[in-house]
Amino acid sequence: MNHEPPLITQAPLPMGVAMFKPLPRPVSGETIQTLEKLLREAKEGRVSGLALVVLHADGRFDLHLRGAATEESNQMGVAGMLAALQKMTLELY
């Protein structure tokens, strides 16, 4: 019978070491209010399309074109909106 120690061993954590989980990010009330306002306006027929950039808490982002923003006749208008968004972002600080 072979009584050799296993090839992989894990060292015990030293006393006084604690494992921590990252703190959750706070909920953005401003983001929620904006989304609720846009939803109300869309339900009333005042918003017909979206060009949307979504930033996730983990740093990922999504890009969405929805509704009238996807129509060929609105291409230049949507491109202009996105250029204005880029300018606003660069002027934040």
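Residues numbered from 1 in each chain as written. Predicted model: local features only at pLDDT ≥ 70, side-chain atom pairs only at ≥ 80, totals over all residues. Heavy atoms only, no water.

Draft legend 1. Layout of the pairing of strand 2 (residues 61–67). Summarising the sheet, strand 1 (residues 49–55) and strand 2 pair through seven bridges and their orientation is antiparallel. Its bridge partner being in strand 2, Val54 is matched across the sheet by Asp62. From the end of strand 1 to the start of strand 2, which pair antiparallel, there are five residues, and Gly59 there has a positive phi angle of about 95°. (Pairing = 2+ DSSP bridges. Helix = DSSP H or I, 4+ residues; strand = E, 2+ residues; numbered from the N terminus.)

Draft legend 2. View of the environment of Leu85. Secondary-structure assignment places Leu85 in helix 2 (residues 75–90). For Leu85, a relative accessible area of 36% corresponds to the partly exposed category. Considered as a pair, Leu85 and Val53 are 32 residues apart in the sequence and their alpha carbons are 10.0 Å apart. (Buried < 20%, exposed > 50% of the residue type's maximum accessible area, 1.4 Å probe, protein only.)

Draft legend 3. How the structure looks around the layout of surface pockets. For the largest pocket, the calculated volume is near 680 Å³. Breaking the lining of the largest pocket down by element, the ones donating at least two residues are strand 1 and helix 2. Class assignment for the residues of the lining of the largest pocket results in twelve nonpolar, two polar and no charged. Residue lining of the second largest pocket: 15 residues in total, with Ser28, Thr31, Leu35, Val54 and Leu55 positioned closest to the centre. Ranked by residues supplied to the lining of the second largest pocket, first place goes to helix 1 (residues 29–43) with five residues. Considering only residue class, the lining of the second largest pocket consists of nine nonpolar, four polar and two charged. (1 Å grid on protein atoms, 1.4 Å probe; cavity = no way out; pocket = protein on both sides within 12 Å on 5 of 7 lines; lining within 4 Å. Points joined across faces, edges and corners; volume = space filled by probe spheres on them. Nonpolar A, V, L, I, M, F, W, Y, C, P; charged D, E, K, R; others polar.)

Draft legend 4. Representation of a nonpolar patch on the surface. Together, Val53, Leu55, Phe61, Leu63, Leu82, Leu85 and Met88 line one region of the surface with nonpolar side chains, adding up to about 730 Å² of accessible area. With three residues, the top contributor of residues to the nonpolar patch is helix 2. Mapped onto the fold, Val53 is located in strand 1. A residue is classified by how much of its surface remains accessible, and Val53, at 45% relative accessible area, is partly exposed. (Patch = residues over 30% accessible without salt bridge, like charges linked within 9 Å, V, L, I, M, F, W, Y side chains within 5 Å. Areas by Shrake-Rupley, 256 points an atom, 1.4 Å probe, with all protein chains shown as cover. Salt bridge = Lys/Arg side-chain N within 4 Å of Asp/Glu carboxyl O.)

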